[in-house]
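# Structure assessment
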Amino acid sequence: MIEFRNVTKRFPDGTVAVDSFDLVIPSRKTTVFVGSSGCGKTTLLRMINRMVEPTSGTVEIDGEDVAAKQAVALRRSIGYVMQNSGLMPHFTVAENIATVPRLNGGTRRAAKARALELMDVVGLEASMADRYPSQLSGGQQQRVGVARGLAADPNILLMDEPFGAVDPIVRAELQRELIRLQQELDKTVVFVTHDIDEAFLLGDQVVILAAGAQRLQVGSPSEITERPADDFVAAFIGAERGKRALSVKQTPNGPVLVDAEGRTQGVLVEGGA
Ligand SMILES: Nc1ncnc2c1ncn2[C@@H]1O[C@H](COP(=O)(O)OP(=O)(O)OP(=O)(O)O)[C@@H](O)[C@H]1O
């Protein structure tokens, strides 16, 4: 479990990115921070692995204040995946993935073996191991970024808009892969996005934020959809515009659910969950 207790971050220029933030992030679930640009999502994420230090308040992992831990060791023990993958251009795919195992003292051979294993986990052909990042597509680079984040087998994986820079089709594929990975690997994932659809798709717990990391609503996607906290949240999740509104249409084969544009979204099953 990760816990933010009354956390504030004021940058030296006076910007208050996070103002008195409290949150419990349950283990082995995916928590998604969602909100518009500049609301403090990245700052929150980076306070978990001490890439950013809070001005006041504490961040705890399993009851221990991260400030009491050695920053470098902490950072290596937590996976971090960022937008544009953050790969090192002069390292091959395998070398990029194996960076942390090597830093942790593993042999070159063991690190390469681990890299190949992880490439398989994230759906990359082993033949790509010796390529450089520039020789991969954007989606493949993101997969390498995810593999690198998993390399030290961390309990916690931080993901900062990891699929923001790829096209919608590849993005949907990466989202499906992450759901599959999460079922297999059972990590505590903290994911940042500004896309509410992505947040609802991936999140067990969704945290809707406004400027200063103000919590507008925290809940499961169903809780938020069924009971938006206020008009702002309702507008943000698209409830008001009827974007998520479904209605029943009768067809010769039985009732189906259609969206606001009349596209079929599903079949209505009597007594279904
Ligand atoms: N090093 C810094 N110095 C001063 N202000 C900063 C610094 N880093 C971030 N900020 C400011 O803090 C606020 C929150 O930034 P943050 O990057 O956490 O937002 P975000 O929600 O992740 O935004 P985005 O979705 O655009 O990445 C913004 O107003 C930003 O300009």
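Look up: the structure comes first, before these words.
The present account deals with the structure reproduced in this document. (Residues numbered from 1 in each chain as written. Predicted model: local features only at pLDDT ≥ 70, side-chain atom pairs only at ≥ 80, totals over all residues. Heavy atoms only, no water.)

## Re the overall build of the chain
- Across its full length, the chain holds ten helices and 13 strands.
- Scaling as 2.2 N^0.38, a compact globule of 273 residues should have a C-alpha radius of gyration of about 19 Å, and the chain matches this with 20 Å.
- In terms of its C-alpha atoms, the chain occupies a principal-axis envelope of roughly 65 × 50 × 35 Å.
- In the chain, buried positions account for 44% of the 273 residues.
- Look at the contacts in the chain between residues 6 or more apart in sequence, and 60% of them connect residues 24 or more apart.
- Accessible surface, the chain as shown: approximately 13900 Å² in total, 50% of it carbon and sulfur. (Helix = DSSP H or I, 4+ residues; strand = E, 2+ residues; numbered from the N terminus. Rg over C-alpha atoms; globule rule 2.2 N^0.38 Å. Buried < 20%, exposed > 50% of the residue type's maximum accessible area, 1.4 Å probe, protein only. Contact = heavy atoms within 4.5 Å. Areas by Shrake-Rupley, 256 points an atom, 1.4 Å probe, with all protein chains shown as cover.)

## Some points on the site of the ligand
- Surrounding the ligand, one finds Phe 11, Asp 13, Thr 15, Ala 17, Ser 36, Ser 37, Gly 38, Cys 39, Gly 40, Lys 41, Thr 42 and Thr 43.
- Contacts to the ligand include Lys 41, whose side-chain N or O atom sits 2.9 Å from an oxygen atom.
- One nitrogen or oxygen atom from the side chain of Thr 43 is found 2.5 Å from an oxygen atom belonging to the ligand.
- Out of a free accessible area of 640 Å², the ligand has 60% covered by protein chains.
- The element that contributes the greatest number of residues to the shell around the ligand is helix H1 (residues 41-48), accounting for three residues. (Near = heavy atom within 4 Å. Polar contact = N/O pair within 3.5 Å; in protein donor to acceptor, adjacent residues only side chain to side chain.)

## Re the environment of Phe 11
- For Phe 11, the location among the structural elements is in the loop between strand S1 (2-10) and strand S2 (16-25).
- In the structure, Phe 11 is positioned 44 residues away from Thr 55 in sequence and 8.3 Å away in space, judged by C-alpha atoms.

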